[in-house]
Every structure is written in structure tokens, then in C-alpha cells.
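Per-entry structural report
Here is how the chains run, residue by residue.
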Amino acid sequence: MKLRRTKLYLPGNNPNMLLRGHLFGPDGVILDLEDAVAMSEKDAARILVRDVLTRGDFGDCEVTVRINAMDTDLWRTDIETVVPCGIDGIRIPKVENPKDVALMGEALSEIESKAGIPVGKTLIFCLLETALGIWRSYEIATASKRVAAICPGGEDLRADLKTTRSENSEELIGPRRIVVLAAHAAGVDALDTVYADITNDAGLRRETEWVKQLGFQGKSVIHPNQIPIIHDVFTPTAKEIEQAKRIVEAAAEAAAKGLGAVQVDGRMVDRPVVKRAEFTLQRAGLKSGGEK
Amino acid sequence: MQTAQAGTLESMDCIVTVSESEKGRGITVSMEGASVARFGEAIVSSTKDTLKKMGVLDISVSVQDNGAGDLVLRARVEAAATRLLGGDAR
């Protein structure tokens, strides 16, 4: 499993952010061709993003591009421009229909095939920014094998729910729970929306702790200063790491002896617990992962 | 005369303005900005190379630089020239 604690949005027509964003150490970057780019600058941003993807350096970051929504006439040109650059994935905004995700999967296969990129390499991250999108989240998450994560929206979703932002985002409790449930049922990541108040560190920490407890694997980020706080919340404590190490070691020992059951600290440990312990070590940077 | 423009004066960016030239006049490049004294030759070379790859042989280019590297300069030149060729002048 890949670490996706933080995904930093980088405006697609801003060279400074596009070239330097990864230096702030997020797990992933999102080069944004959608909301961050004025309609009159879509063409220039596309060229700039293409060249940054081709010639720039993103270190170990997972590189994704947020394309324009599929109800516009921009999305096809977006993917034709960025997918041949060999990106890790695309973010589709305002997904409501599983058929759109399947259609996107086919379009990506065609482009990958022409560009000599392994078919299936480009993952899909779905932004669910309407009530209908949230309601259909499981069908959307399972509409293509490429789907790596589903993400609830923030402001767009609030508007569609005919509500407004409250201090603790009570209005998004239901949607977030649905997305987590659907994501884990479908075997994809649940990634939370941005925390818009970039000066409120305590609020960001509180919200991150809450969404982690719900079952989210990370959050989108709109300011580099938010990255260390979110990483801190998602990074296991020394006690959790020690316990995880004991579980993983005991499981390896049992496997070597051909035993199924493992006992750690006087308690029986089964496979899901071992998997969780492995994930804890991965979050702590002590174990590498390779899955979607 | 048709002109087109791309880019901004934000840090690490540049504004590239292109305008039509008579056939046979070639590519002419004028520049302004703090980096011109040190990187002027490189700016001219990258600008001409980008335009030639696009098949543009006669054009007048003005670059207002605010620390754009080669990558950004080339992207802005391509965007401006594409707008000019596509008739999307601004």
C-alpha cells in the first residue's frame, strides 16, 4: 500500500509552485488544471504542466494531475496532454456516474497504448463533490480497476447539500462516513478533502485526527505549512511502532515454522492485525509498500 | 498586426509577447528583466529553438523575464505562439 497522507495541490499555471512544491515533502502532488486555472489560461497551463512533468523532478512524490470535469470539453485534451508524460494518476473532479469512470479507463488505455506506456499504469482518483457522487461512491470506486482512491468534496459538496461550513464540519460527517465505508469495501483508499483555514493549525490537527479515526488514509493539502501537521497525526507513536514490530516479527517467525496462529503479548493475532501492523510500520517509514 | 501573449510576472515566470512578422524577416527576440545580462544568449537560443520546432520561422518575440528557467520560458513561448497561430490573440 502506498502512503498517501498528504497530497499537495499545485496551481497548473504557477511555475514557482509547480517546480518547488515537492520540496515541502508531501507524499504526493496534484498538478491542478481545474479550479486553480482561469478558463482563459487553460491552454497555457496545459503546456506548462506537460513540460514540468516531462522535464521536472518530483522526487519520491506520487504525481497526479487534476483534470477538468468530464462534463466539459476540456478533459480529453487534458489527458491526451499529460498521460503520455507517464504520470501516476489523474484526479477526476465532480464524479457522479460510474459509467464516466469506466469511459475514462478506456480513454486512458487508448492513450497509454499509443504512448508506449503499460496499459493500466495511470491510476484514477475520484473526487465526489455532489450528493449523488457520494451516494454512488461504492459503484464509482469499483467502476474501474484503475481507481486508487475516492475523496469527498468540501465546498462544492456543502453547496450541493444546501448547507454551509460549520466550525467542526458537522455537515460532512455523513458523507465522510459513506466514503470511508465505500472505499474500504471496494479496496481503495479514502482520502479526505482539504482543510481550508490555512492559519488554523489546531483546527487542522483536530480534523485530521478525526478523519484518521474514521478510516481515512490522508488529506489533500492547499498550503505546504499543513504537511508536517498531517504527517505527524498519521505517523504512529513509538509505542505503536514497537507493538507493530513485535507483531510482524512474530508473524514472520510463525510463517517460517509453518504455523498459522500467532501469539503476541499474550493475545492471539490474526492476519488482519498483522496487516495493520505492517501498515503501521509503513506509515512510520520502516517498511516499504508496492501495491496500488 | 496580430499579437498574442502568455505567462505572468510572478516569480520564476515570464511574459512572452509575440507578433506577426513579414515573411523572410526571421525570428527577432527582445528582452527585459534582471536576468537578461547573464542569460540573454540562452533566452534567445531557447526561444528560437522552440519556435523552429513548431515550424515558426518569421515572428517577433518580446520576453519580460522574472526568473523563468529554460523550461518555463519554452512553455510560455509555445503557448504564446500557439495562440497567435490559432488566431486566439489577446
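Below, the structure is looked at part by part. Numbering of residues starts from 1 in each chain and follows the order in which that chain's sequence is written. As a convention, the first chain written is A and the first ligand written is 1, with the rest following in written order. In view of the model being predicted, local features appear only for residues whose pLDDT reaches at least 70, and side-chain atom pairs are presented and counted only at 80 or more, with totals across whole chains, interfaces and linings using the full set of residues.

1. As for the overall build of chain B
Here a helix means four or more residues in a row that DSSP labels H or I, a strand means two or more in a row labelled E, and each is numbered from the N terminus. What chain B contains, in helices and strands, is two helices and four strands. In sequence order, the secondary structure elements of chain B are arranged as β-β-β-α-β-α. Referenced to the eigenvectors of the C-alpha coordinate spread, the extents of chain B come out at roughly 30 × 25 × 20 Å. Using C-beta atoms placed from the backbone, we call a residue buried if 20 or more other C-beta atoms fall within 10 Å of its own, exposed if 12 or fewer do, and partly exposed for counts in between. Buried residues in chain B amount to 37% of all 90 residues.

2. Notes on the overall build of chain A
The number of helices and strands found in chain A is 12 helices and 10 strands. Computed over the C-alpha atoms, the radius of gyration of chain A is 20 Å, within 12% of the 19 Å expected from 2.2 N^0.38 for a compact globule of 292 residues. Split into buried and exposed, the 292 residues of chain A put 44% on the buried side. Placing C-beta atoms from the backbone, we regard two residues as in contact once those atoms come within 7 Å. At a minimum sequence separation of 6, the contacts of chain A that also span at least 24 residues come to 70%. For this measure, only C-alpha atoms enter the radius of gyration; the expected value for a globule follows 2.2 Å times N^0.38, where N is the number of residues.

3. Examining helix H8 (residues 173-186) of chain A
Residues and elements named next belong to chain A. Under the convention used throughout, the expected extent of a helix is 1.5 Å for every residue step, that is, one less than its residue count. Counted at 1.5 Å a residue, the expected span for H8 with its 14 residues is 20 Å, and the 20 Å between its end C-alpha atoms agrees. Of the residues making up H8, those classed as buried are Pro175, Arg176, Val179, Val180, Ala182 and Ala183. Phi for Gly187, located one or two positions after H8, is positive at around 80°.

4. Re the environment of Glu32(B)
Relative to the helices and strands, Glu32(B) resides in strand S3 (residues 27-32). Between the alpha carbons of Glu32(B) and Ser62(B) there is a distance of 8.1 Å; along the sequence they are 30 residues apart.

5. Details of the pairing of strand S3 (residues 62-66) of chain A
All names here are of chain A. Most of S3 sits out of view: five of its five residues are buried. Burial along S3 is two-sided: the face carrying Glu62, Thr64 and Arg66 and the face carrying Val63 and Val65 are both buried. By the convention used here, strands pair only if DSSP detects at least 2 bridges between them. Of the pairings in the sheet, the one linking strand S2 (residues 28-32) to S3 comprises five bridges and is parallel in character. Counted as the bridge partner of Leu31 is Val65 from S3. In this view, the connection linking S2 to its parallel neighbour S3 by way of helix H2 (residues 42-55) has right-handed handedness. Relative to strand S4 (residues 89-92), S3 is paired through three bridges, and the arrangement is parallel. Think of it like this: strands point away, you trace from the first strand over the helix to the second, and a clockwise trace means the crossover is right-handed.

6. Focus on the sheet that holds S4(A)
All names here are of chain A. Here we have eight strands rolled up into a closed barrel, ordered S1-S2-S3-S4-S5-S6-S7-S8, and parallel in their pairing. In this sheet, neighbouring strand axes are inclined to one another by 25° on average, regardless of whether the strands run parallel or antiparallel. Relative to strand S8 (residues 218-221), strand S7 (residues 189-192) runs parallel, the two being bridged by two bridges. Among the inter-strand pairings, Asp192 is bridged to a residue of S8, identified as Lys219. Only the contacting stretch of a helix is used when fitting its axis, a line to C-alpha atoms as for every element, and angles between N-to-C directions run 0 to 180 degrees.

7. Focus: the packing of helix H1 (residues 36-53) of chain B against helix H2 (residues 70-85) of chain B
In a pair of packed helices, the angle between the axes and the distance between the axes together describe the arrangement. Residues and elements named next belong to chain B. Orientation of H1 relative to H2, taken along the N-to-C sense of each, is 45°, at an axis distance of 9 Å. Judged by the angle between their axes, H1 and H2 are oblique. In this structure, the crossing between H1 and H2 has a hand that is right-handed. Two secondary-structure elements touch here, H1 through Ala42, Ile43, Ser46, Thr47, Thr50 and Leu51 and H2 through Asp70, Leu73, Arg74, Val77, Glu78 and Ala81. Counted by class, the contact of H1 with H2 contains six nonpolar, three polar and three charged residues. Should an angle fall under 35 degrees it is taken as roughly parallel, and over 145 as roughly antiparallel, whereas 65 to 115 is taken as roughly perpendicular and any remaining angle as oblique. By convention, the crossing between two helices is left-handed when the near helix turns anticlockwise from the far helix through less than a right angle, and right-handed when the turn is clockwise. Gly is placed with the polar residues, together with every amino acid not listed as nonpolar (Ala, Val, Leu, Ile, Met, Phe, Trp, Tyr, Cys and Pro) or charged (Asp, Glu, Lys and Arg).

8. A closer look at the environment of Lys42(A)
Residues and elements named next belong to chain A. In this fold, Lys42 is placed in helix H2. On the neighbour-count criterion, Lys42 (18 C-beta atoms within 10 Å) is partly exposed. Taking the C-alpha atoms as reference, Lys42 lies 24 Å from Ala196; in sequence the two are 154 residues apart. Residues within four places of Lys42 in sequence aside, it is in contact with Leu33, Val37 and Leu74.

9. As for helix H11 (residues 238-256) of chain A
All names here are of chain A. Over its 19 residues, H11 extends 27 Å from the first C-alpha to the last, a length consistent with the 27 Å expected when each residue adds 1.5 Å. Those residues of H11 lying buried are Ala244, Ile247, Val248 and Ala251. Relative to the axis of H11, the buried residues are bounded by an arc of 95° and lie together on one face. Within H11, the exposed residues directed more than 90 degrees away from the buried face are Ala238, Lys239, Glu242, Glu253 and Ala256. Working definition: the arc comes from the directions between the helix axis and the C-beta atoms, pointing outward to the latter.

10. Regarding the nonpolar core
Ranked by internal contacts, the top residues of the largest apolar core, which has 89 residues, are Val49(A), Ile124(A), Cys126(A) and Ile150(A). Here the element with the most residues in this core is H2(B); it accounts for eight residues. The contacts of Ile124(A), once residues within four sequence positions are left out, are Gly89(A), Ile90(A), Ile92(A), Val101(A), Met104(A), Gly105(A), Ser144(A), Arg146(A), Val147(A) and Ala148(A). Remark: nonpolar core denotes a set of buried Ala, Val, Leu, Ile, Met, Phe, Trp, Tyr and Cys residues whose joining runs through C-beta atoms within 7 Å. Counting eight residues, the second largest nonpolar core, distinct from the first, contains Val248(A), Val269(A), Val274(A) and Ala277(A).

11. With respect to the pairing of strand S6 (residues 147-152) of chain A
All names here are of chain A. Of all six residues that make up S6, six are buried, and the element is covered over most of its length. Bridge analysis of strand S5 (residues 123-128) against S6 gives five bridges, and the strand direction is parallel. For Leu127, the partnering residue across the bridge sits in S6 and is Cys151.

Everything listed is a geometric property; what it means functionally is a separate question.
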